[in-house]
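Topology and contacts: notes
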Amino acid sequence: MKKFLSLVLALVMTMSLVTVSAGAKDFSDDGSITYKEAVDVISGIGVVDGYSGGDFKPTEVLTRGAAAKIICNLILGPTTASYLSADTAPFKDVPVTNVFAGYITYCSQQGIINGYADGTFRPTATLSGNAFMKMLLGALGYDSAIEGYTGANWTVAVIKQAAGIGLDDGNDEFVGSKAVTREEAALYAFNMLQATMVEYDAKTSVDINGATVTIAGDKAKEVAQGSYDNNMHKPNLQFAERYFDKLDKTETTDDFARPATKWTFKGDKIGTYADAADVTYTSNVKLGDIYSDLDMSEKDKNAEVYYNGVEADDVAVSKGNTVKVSSSSANNKLVADGSTVEVFYDEDNNDVTICIIDTYVGTISSKEEKVSDPYVVVNSESLVTEKDASTSVSISGSKARFETNTDNFEEDDVVLFTYSQSADEIKSVVKAESVEGTLDKYTLGKNLTLADTEYKYSKNIAFSFGSETSMTTKSDYVIYLDTNGMVIYVDEQEFDASQYAYVLYTQSSNSRFGKDQVQLVMSDGSVKTVDTDDDYTSLEGTIVYYRADDKGEYALRQAANVHKNGSIVTTDCRCQPIRSLLTAFVRAWRYRLRHEEHPRGYHHQNRHYGVWQQ
């Protein structure tokens with residue numbers, strides 16, 4: 001039995017499985033949708049809509065009335081269904097003025113739904129997964145009376161049939177008694193589109209001692225294809241082929257070379273969605289482990305490997321092979337911690353396909369909302385290379401644009417993105433999760449420890465300050481994580497722009513006093529001697545911004561200072577409100593140096609300080 005070893009979080013599904021979504025609706029909460037393909041298709045054909053605010057609300061529970069509307073949209077189409085109305089109240093708690101009255105009436109007349117013994121329907125009540133599956137089975141042609149969907153044990157018969165034809169595919173945690181959510185309803189309806197319709201031999205109803213009994217064939221039989229187009233590419237007639245004949249499903253590959261499904265409706269593309277990988281890894285892996293994890297019985301000596309959609313070196317997936325996907329002999333340096341390695345296995349042909357997809361980090365440099373297809377512009381912080389792992393790829397101009405709902409992003413947001421070299425474009429963008437804390441230690445090229453927690457480096461890690469070696473322990477940083485919880489971007493924690501001072505004097509722990517200290521001219525004109533978290537002797541005579549921790553220990557960062565005519569000039573625009581103040585304070589201190597023998601216990605001979613505005 002195949003083992004699904006994916007360590008990738010749901011975020012990866014959002015990032016990488018959807019490679020093209022030009023025709024799909026962009027919901028403001030797309031990142032929260034688990035069943036993206038199902039929601040895109042079902043909303044694309046108009047069966048389920050989003051809300052006026054632009055969101056889909058995937059985890060909101062479905063009501064019984066809304067479920068009736070979905071069934072009508074599926075059977076009649078959204079346009080025809082919208083004209084449904086009720087001449088009389090179908091149930092005593094569903095007046096003709098109820099927004100769902102027409103839908104409830106139709107489904108009741110077709111025998112798809114039932115009310116309660118007290119004559120109510122309870123349209124605003126939540127709907128269980130069992131009840132929604134029963135509705136879908138009814139729409140497919142299954143007869144409740146014949147199939148045993150009535151009586152005390154109706155749920156057993158419903159779930160047995162629903163699972164048997166794959167209506168719950170994609171939800172491994174299906175619990176029929178729980179209320180169904182909007183995205184779950186979309187998933188089950190999506191599966192129903194691809195399910196085969198059924199019919200029975202001629203049915204007759206007879207009255208036996210006052211009870212109506214239906215007499216029909218023993219079992220439901222699949223409806224033949226007939227004159228309908230085989231758009232679902234399966235034997236016999238599927239629901240979509242009868243009711244949505246302009247919906248087409250095509251097997252293809254996506255821009256990362258993964259097996260995929262392309263959906264179109266009335267000729268417009270909804271999206272291309274990668275198949276779920278048979279096994280997934282997040283670091284380099286032995287080829288023999290892939291063989292074992294796939295439960296293979298015969299080797300594939302020429303398994304194809306793709307890097308960001310471009311064909312790389314073939315490898316031999318064989319029993320006990322200790323060579324890894326990326327080695328000195330093939331695909332050198334293409335896989336490291338943080339890489340996503342998805343493996344697809346065609347058992348019929350014993351073909352293995354290995355797709356390596358890198359995740360990169362960038363920042364949002366701008367966004368364009370006032371165009372027909374809004375987009376964000378991504379500035380890559382990671383080095384993107386070709387399959388030789390050395391030739392850099394420039395992601396700029398139109399290649400840096402990614403069409404999306406721009407409400408989900410702000411300028412300067414740190415984001416994770418994937419890039420297809422075969423398509424030469426960015427394929428996904430999501431905001432990166434961050435962690436803040438004090439740097440305890442780091443090991444060059446391997447990991448860092450922040451706030452007592454160790455984080456491994458992701459393959460494409462980047463540092464906002466240029467080099468890893470510029471980090472200092474006991475300083476505060478913001479780290480951004482990739483989808484596997486590895487560090488992919490490191491940024492210094494910002495200082496308060498109003499906390500500036502002039503460094504008048506410094507001493508290090510190597511001095512006679514044995515501690516790191518600085519003397520600062522503060523913005524209020526006072527002079528303050530403070531303990532520091534590091535040796536700042538190199539900052540003497542410069543303007544800095546500072547931050548104090550709860551123990552009163554100061555951290556300093558140099559502002560954009562340059563030397564000009566023997567004086568200090570700061571070019572940091574954030575200093576503007578206090579430059580003139582610092583000028584006055586330092587000049588006053590110079591005066592004290594000239595007229596006091598030992599101000600504050602220090603003697604500065606022939607030392608001049610100046611802070612000037614440009």
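Please refer to the structure placed before this passage.
Residues numbered from 1 in each chain as written. Predicted model: local features only at pLDDT ≥ 70, side-chain atom pairs only at ≥ 80, totals over all residues. Heavy atoms only, no water.

Things to note about the packing of helix H3 (residues 64-76) against helix H5 (residues 101-109)
Rules: Axis lines are fitted to C-alpha atoms, over the contacting stretch for helices. Their N-to-C directions set the angle, which ranges from 0 to 180 degrees. Secondary structure elements are defined from DSSP: runs of H or I of at least 4 residues count as helices, runs of E of at least 2 residues count as strands, and each element is numbered from the N terminus. Throughout this description, any angle smaller than 35 degrees is read as roughly parallel, any larger than 145 degrees as roughly antiparallel, any in the 65 to 115 degree range as roughly perpendicular, and the remainder as oblique. Here is the rule for handedness: rotate from the far helix to the near one, and if that takes an anticlockwise turn smaller than a right angle the crossing is left-handed, while a clockwise turn gives right-handed. Any two residues having at least one pair of non-hydrogen atoms within 4.5 Å are treated as being in contact.
Taken N-terminus to C-terminus, the directions of H3 and H5 make an angle of 70 degrees; their axes are 8 Å apart at the nearest point. It follows from the interaxial angle that H3 and H5 lie roughly perpendicular. Regarding H3 and H5, the two cross each other, and that crossing is left-handed. Along its contact with H3, which presents Gly-65, Ala-68, Lys-69, Ile-71, Cys-72, Ile-75 and Leu-76, the element H5 presents Tyr-103, Ile-104, Tyr-106 and Cys-107.

What to know about H5
The test is simple: Only protein chains enter the area calculation, which uses a 1.4 Å probe; residues under 20% of their type maximum are buried, those over 50% are exposed, and those in between are partly exposed.
Counting buried positions along H5 gives 7 out of 9 residues, so the element sits mostly inside the fold. Each element contacted by the buried residues of H5 is listed here: H3 and helix H4 (78-81).

Focus on the environment of Val-96
If you trace the backbone, Val-96 turns up in the loop between H4 and H5. Spatially, the C-alpha atom of Val-96 lies 5.5 Å from that of Ala-86, the residues being 10 residues apart in sequence. When sequence neighbours within four positions are dropped, the list of residues in contact with Val-96 reads Ala-86, Asp-87, Thr-88, Ala-89 and Ala-101.

Thoughts on unusual backbone geometry
For Asn-236, which is not a glycine, the phi torsion comes out positive at approximately 65 degrees. Within the secondary structure, Asn-236 sits in the loop between strand E5 (221-222) and helix H10 (239-243). You can call Asn-236 partly exposed: its relative accessible area is 27%. One non-glycine residue, Ala-451, lies in positive phi territory at about 50 degrees. Structurally, Ala-451 is set in the loop between strand E21 (447-450) and strand E22 (453-463).

Thoughts on the pairing of strand E7 (residues 259-265)
For clarity, the cut-off: Paired strands, in this sense, are two strands between which DSSP finds at least two bridges.
Judged by how many residues are buried, E7 sits mostly within the fold: 5 of 7 residues are covered. Summarising the sheet, strand E6 (residues 247-253) and E7 pair through 7 bridges and their orientation is antiparallel. Bridging from a neighbouring strand, Thr-252 pairs with Ala-260 of E7. Between E6 and E7, which pair antiparallel one after the other, the connecting turn spans 5 residues, and Ala-257 there sits at a positive phi close to 70 degrees. As defined by bridge partners, E7 adjoins strand E8 (residues 268-274) across 6 bridges and the pair is classed as antiparallel.

Overview of the side chain of Thr-340
You can see Thr-340 is positioned in strand E13 (residues 340-346). When sequence neighbours within four positions are dropped, the list of residues in contact with Thr-340 reads Thr-280, Tyr-281, Cys-355, Ile-356 and Ile-357.

Let's talk about the packing of aromatic side chains
Here is the rule we go by: Pairing of aromatic rings covers Phe, Tyr and Trp, the last through its six-membered ring, and needs centres within 6.5 Å; plane angles under 30 degrees mean stacked, over 60 mean edge-to-face, and all others mean tilted. Note on criteria: charge over ring means Lys NZ or Arg CZ within 6 Å of the ring centre, with the direction from the centre no more than 35 degrees off the ring normal.
Counted by the stated rule, this structure contains 13 aromatic pairs. Considering the side-chain rings of Phe-100 and Tyr-103, the 6.5 Å spacing of their centres and the 50 degrees angle between planes classify their relative orientation as tilted. Their ring planes at 35 degrees and their centres at 4.6 Å tell us that Phe-239 and Tyr-243 sit as a pair that is tilted. Of the two residues, Phe-239 and Tyr-243 are both situated in helix H10; the distance of 4 residues between them amounts to about one turn of the helix. Three or more aromatic residues joined by ring pairs make a cluster, and in this case those are Tyr-457, Phe-463, Phe-465 and Tyr-477. Lying over the aromatic face of Tyr-51, Lys-57 brings its terminal NZ or CZ to 4.2 Å of the ring centre. One residue, Arg-64, lies across the ring of Phe-121, its end atom 4.2 Å from the ring centre.

Notes on the sheet that holds strand E24 (residues 487-492)
Spatially, the 5 strands close up into a barrel ordered E20-E21-E22-E24-E23, and their pairing is mixed. Direction aside, the axes of adjacent strands within the sheet are offset by 60 degrees on average. As judged from the 4 bridges shared by strand E20 (residues 433-443) and E21, these two strands associate in the antiparallel manner. Among the inter-strand pairings, Thr-443 is bridged to a residue of E21, identified as Asn-447.

Some details on the pattern of salt bridges
To be explicit about the condition: Between Lys or Arg on one side and Asp or Glu on the other, a salt bridge is scored when a side-chain nitrogen of the former is within 4 Å of a carboxyl oxygen of the latter.
Counted under the stated rule, the structure contains 17 salt bridges. Measuring nitrogen to oxygen at the nearest pair gives 2.7 Å for the salt bridge that ties Arg-258 to Asp-254. Judged by its relative accessible area of 0%, Arg-258 falls in the buried class. Lys-456 serves as the salt-bridge partner of Asp-337, at 3.2 Å between the closest nitrogen and oxygen. Placement of the pair is Asp-337 in the loop between strand E12 (315-317) and E13 and Lys-456 in strand E22, with a sequence separation of 119 residues. What makes Asp-337 partly exposed here is its relative accessible area of 28%.

With respect to the side chain of Thr-385
Considering the arrangement of structural elements, one finds Thr-385 in the loop between strand E16 (375-380) and strand E17 (401-403). Looking at Thr-385, the relative accessible area reads 10%, which means it is buried.

Here's the deal with the sheet that holds E16
Here 5 strands make up an open sheet; going across it, the order is E17-E16-E15-E18-E19 and the pairing antiparallel. Two strands close off the open sheet at either side, each with one partner strand: E17 and strand E19 (425-431). Strand-to-strand, the axes of this sheet are offset by a mean angle of 45 degrees, without reference to chain direction. Where strand E15 (residues 359-368) lies against E16, 6 bridges are found, and the strand directions are antiparallel. From the neighbouring strand, Gly-362 faces E16, where its bridge partner is Ser-380.

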